[in-house]
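Descriptive structure summary
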Amino acid sequence: MITYYDDRSVQVTSTAVRVDGRTFPLAEISVVWHRRGSRSWRVLAGRGAIGAALAGPVAAAVLGVALAIWLRPAPVVTIAIVGASVLVGLGVGPLADVLFEHLDRSYDRGSRELEMWARWRGQPVRLLRSGDARRFGQIYRAVQRAMESGQVPRRQKAIGSSGSSPRPRSRP
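Residues numbered from 1 in each chain as written. Predicted model: local features only at pLDDT ≥ 70, side-chain atom pairs only at ≥ 80, totals over all residues. Heavy atoms only, no water.

Further remarks concern the overall build of the chain. The secondary structure content of the chain amounts to three helices and seven strands. Ordered by position from the N terminus, the helices and strands of the chain form the series β-β-β-β-β-α-α-β-β-α. In the chain, which comprises 172 residues, the proportion classed as buried is 26%. When contacts within the chain are restricted to residue pairs at least 6 apart in sequence, long-range pairs at least 24 apart make up 57% of them. Summed over all atoms, the accessible surface of the chain reaches about 12,100 Å², with 58% contributed by carbon and sulfur. (Helix = DSSP H or I, 4+ residues; strand = E, 2+ residues; numbered from the N terminus. Buried < 20%, exposed > 50% of the residue type's maximum accessible area, 1.4 Å probe, protein only. Contact = heavy atoms within 4.5 Å. Areas by Shrake-Rupley, 256 points an atom, 1.4 Å probe, with all protein chains shown as cover.)

What follows covers the sheet that holds strand β7 (residues 123–130). Here we have three strands laid out as an open sheet, ordered β5-β6-β7, and antiparallel in their pairing. The open sheet has two edge strands, β5 (29–39) and β7, and neither has a second partner. With direction set aside, neighbouring strand axes in the sheet form an average angle of 25 degrees. (Pairing = 2+ DSSP bridges. Axes fitted to C-alpha atoms, helices over the stretch in contact; angles between N-to-C directions.)

Without other data, these values stay purely geometric and don't point to any function.
Following this line, the structure appears as structure tokens:
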């Protein structure tokens, strides 16, 4: 038995798909497909908040420098305003790494609910529902590989040195 995917709630093997304690033998599954749900506004709002958190300090620094130039106060005050603005702008640097990581993970997870369906014993059955696009993709591909390996009879092919299958030689 080959295991294609395994985590705490889903296991895909060469014989069956197990999801949350339910087992679906591959021999009884005829078709597998997926559906995408609507976008999650919560996820999109979170991405917007991260973008605002990234842009806020930089915008404040630019506004501070512009204000110092526009007001033309004494040179000491101008230097203090510009210095404080630059420090605020530089303060986003260490924070930006963390925020970009969160933004990256947000895109990996996706902004939609994804469902995997199968025709099992002639009836459509929802195998899985997930909001994590990366995990869903891994599971879906594992089910595809398991289904493909069960449909095609396994034959071992020898690979020639050129990467092609060897051909029998003709005898004189």
